[in-house]
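# An overview of the molecular structure
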Amino acid sequence: MRIKPTEKHLEFMDWELGAFLHFGIRTFNEANRDWDFKQMDPATFNPAELNCDEWAEQLKSCGVKYAVMTTKHHDGFALWQTDTTEFSVKNSPFRGGKGDVVKEYTDAMRKAGIKVGLYYSSSQFDAKTSHGVSYSDFVVSQVSELLSRYGKIDIIWFDGCGSNGDVYDTENILNTIHALQPEIRVTGFGENRDFRWVGNEWGLAHIKNCNEVEIVEQDITHSGAALKEKRFLPAECDACMVRNDAENFWFYSETFKDCLRTKEEMLGLYYYSIGRGANLLINIGPDRKGHLQQSNIEILRSMNDEMNRRFTECSLKPDKIEKAENEYRISFDRAYLFDQLMLKENQTEGQKIREFTVYISPYQTPGRIAIYKGYTVGHKLICTFPPIRGRCIDIVFDDALPGAELSEILPMYVSGEQIFQI
């Protein structure tokens, strides 16, 4: 029986680029780190110039299709007017204690046409019995508020960090999620998820990025999980825009705010994530006034603009595409230089390509030579190789299931201008 993606899977993969927004009380307490158990005063949270419409406009200009914002991180501070705890925006100076960051964020993203995701940490610093109910019921209450007050939510992104050994009524939590948001996408729930974490926070997918998996890396209890049966689960890579050699900075850092990935490094992340068939969720931490740093936005926008340029100005339209049972031939009217080849697989019936080779035929000389060896294709694969001139490109499936086919083939030359000798 073939393992096929759902429409939700296919649509998620089409989004490709997302923005991770770590924002909360940690934004205003830079000395604190995850799991240091230091208490933070709600009075410190006051992003006086917060304008989520500005966030949405900036992210949209960078090609971002979806966003995921921290509603509650491991510290337990809630960014909405919750009835479950006093450790929230209602006891902060923000909007006179009446502010609701989740509402402002969801309204702005939806208005801009950006898909709305909510991050939720399934654990937190304080004791799990301090809420008057079981901690699992506390999670249900908070998730119920988040999924019933803010319209359609496209993703709920569970982080199980710190939940090692914790016991949750996962069936109750999951039933609550789907009862309130039937079309939502869930990650971080063992068997019951719609996409998977790639397994690192580097923004890098594996060279063999198979969407059909039997094991997932992390769930609500922060442990890997063997699935009962193989599932179609697209991968998502996450990474920070701000970092140094020792640490990622998920929340805003005044000290390291200028330690940004360069445009060149961001392009590399694109190739190693989206260019390997995964989504890229890139983190930008809003600052203490509530703004997205313009330097972050400019680098993200420059990455997106450059990739758009490569897919348009640097692409080459073949004169002919011929398909045999397990082979495609792309022919041109003359010998062109190539250094990249973008492939997309038709995955409506599942991911079928397991291994392939790219060959090139120089000039009109008979015969061909292999220039690239690949594995999975999936949603999008960008094959890169040193520049080489040729009239024909052959893509041969060395290992593929019956019916394997490509939905798009785009040869490119991004190193410079084409030069022809007369």
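Structure shown above.
Please read all numbers here as calculations on a predicted model, not as lab measurements. (Residues numbered from 1 in each chain as written. Predicted model: local features only at pLDDT ≥ 70, side-chain atom pairs only at ≥ 80, totals over all residues. Heavy atoms only, no water.)

Tallying secondary structure elements over the protein gives 7 helices and 16 strands in all. Over its C-alpha atoms the protein spans a radius of gyration of 23 Å, differing by no more than 12% from the 22 Å that the globule rule assigns to 422 residues. The proportion of buried residues among the 422 residues of the protein is 57%. A separation of at least 24 residues holds for 75% of the contacts in the protein among residues at least 6 apart in sequence. Taken as a whole, the protein presents about 17900 Å² of accessible surface, with 48% of it coming from carbon and sulfur. (Helix = DSSP H or I, 4+ residues; strand = E, 2+ residues; numbered from the N terminus. Rg over C-alpha atoms; globule rule 2.2 N^0.38 Å. Buried < 20%, exposed > 50% of the residue type's maximum accessible area, 1.4 Å probe, protein only. Contact = heavy atoms within 4.5 Å. Areas by Shrake-Rupley, 256 points an atom, 1.4 Å probe, with all protein chains shown as cover.)

Let us now look at unusual backbone geometry. Of all residues except glycine, most have a negative phi; of all peptide bonds, most are trans. Its identity is not glycine, yet Glu 16 carries a phi of approximately 60 degrees, on the positive side. Along the chain, Glu 16 turns up in the loop between helix H1 (7-15) and strand S1 (17-21). Positive phi values are uncommon outside glycine, yet Phe 37 reaches one of about 60 degrees. Within the fold, Phe 37 resides in the loop between S1 and helix H2 (52-61).

Note on placement: Lys 60 falls in helix H2. Placed 54 residues apart in sequence, Lys 60 and Ile 114 show a C-alpha to C-alpha distance of 7.3 Å.

To continue, consider the packing of aromatic side chains. For any pair of aromatic rings, the description rests on two quantities: the centre-to-centre distance and the angle between the ring planes. Inspection of every chain in the model, using the stated rule, returns 24 aromatic pairs. Ring geometry for Tyr 119 versus Trp 157: centroids 5.7 Å apart, planes at 25 degrees, classification stacked. Taken together, the residues span a long stretch of sequence, with Tyr 119 in strand S3 (residues 115-121) and Trp 157 in strand S4 (residues 155-159) at a distance of 38 residues. One exposure class covers both Tyr 119 and Trp 157, and it is buried. Taken together, a centroid distance of 5.9 Å and an interplanar angle of 75 degrees make the contact between Tyr 120 and Phe 158 edge-to-face. On the criterion of sequence distance, the pair formed by Tyr 120 in strand S3 and Phe 158 in strand S4 is long-range, its members being 38 residues apart. Judged by its relative accessible area of 1%, Tyr 120 is buried. Linked through ring pairs, Phe 23, Phe 28, Phe 45, Trp 55, Phe 77, Phe 87 and Phe 94 together constitute an aromatic cluster. (Phe/Tyr/Trp six-rings, centres within 6.5 Å; stacked < 30°, edge-to-face > 60°.)

Bringing the nonpolar core into the picture now. With 83 residues, the main nonpolar core has Trp 55, Leu 59, Tyr 105, Met 109 and Leu 300 as its most contacted residues. Top contributing element to this core by residue count: helix H4 (residues 135-148), with 7 residues. Residues contacting Trp 55, with those up to four places away along its chain left out, are Leu 21, Phe 23, Leu 50, Met 69, Tyr 105, Met 109, Pro 286, Gly 290, His 291 and Leu 292. Of all hydrophobic cores here, the second largest spans 23 residues; its members include Ile 330, Tyr 372, Phe 397 and Ala 404. (Core = buried A, V, L, I, M, F, W, Y, C linked by side-chain atoms within 4.5 Å.)

To continue, consider the pattern of salt bridges. Summed over all chains, the structure comprises 27 salt bridges. Linking Lys 152 and Glu 183 is a salt bridge whose minimum nitrogen-to-oxygen distance equals 3.3 Å. Here Glu 183 lies in the loop between helix H5 (170-180) and strand S5 (185-187) and Lys 152 lies in the loop between H4 and S4, a separation of 31 residues in the sequence. When its relative accessible area of 42% is taken as the criterion, Lys 152 is described as partly exposed. Exposure remark for Glu 183: the relative accessible area of 53% places this residue in the exposed category. Close ionic contact of Asp 394 with Arg 329 constitutes a salt bridge, the shortest N to O distance being 2.7 Å. Taken as a pair, Asp 394 in strand S15 (residues 381-400) and Arg 329 in strand S12 (residues 327-345) lie far apart in primary sequence, 65 residues in all. According to the relative accessible area criterion, Asp 394 is buried, its value standing at 0%. Shared partners join several salt bridges into a network, and the residues in it are Glu 306, Arg 309, Arg 310 and Glu 313. (Salt bridge = Lys/Arg side-chain N within 4 Å of Asp/Glu carboxyl O.)

Another point: the sheet that holds S5. Reading across from one edge, S5-S4-S3-S2-S1-S10-S9-S6 is the order of the 8 strands in this open sheet, with parallel pairing throughout. Every interior strand has two partners, whereas the edge strands, S5 and strand S6 (196-197), have only one. Pairing geometry for S1 and strand S2 (residues 66-72), over 4 bridges, is parallel. In the strand pairing of S2, Phe 20 is matched with Val 68. (Pairing = 2+ DSSP bridges.)

Note that every value here comes from positions in space, so none of it alone points to a role or purpose.
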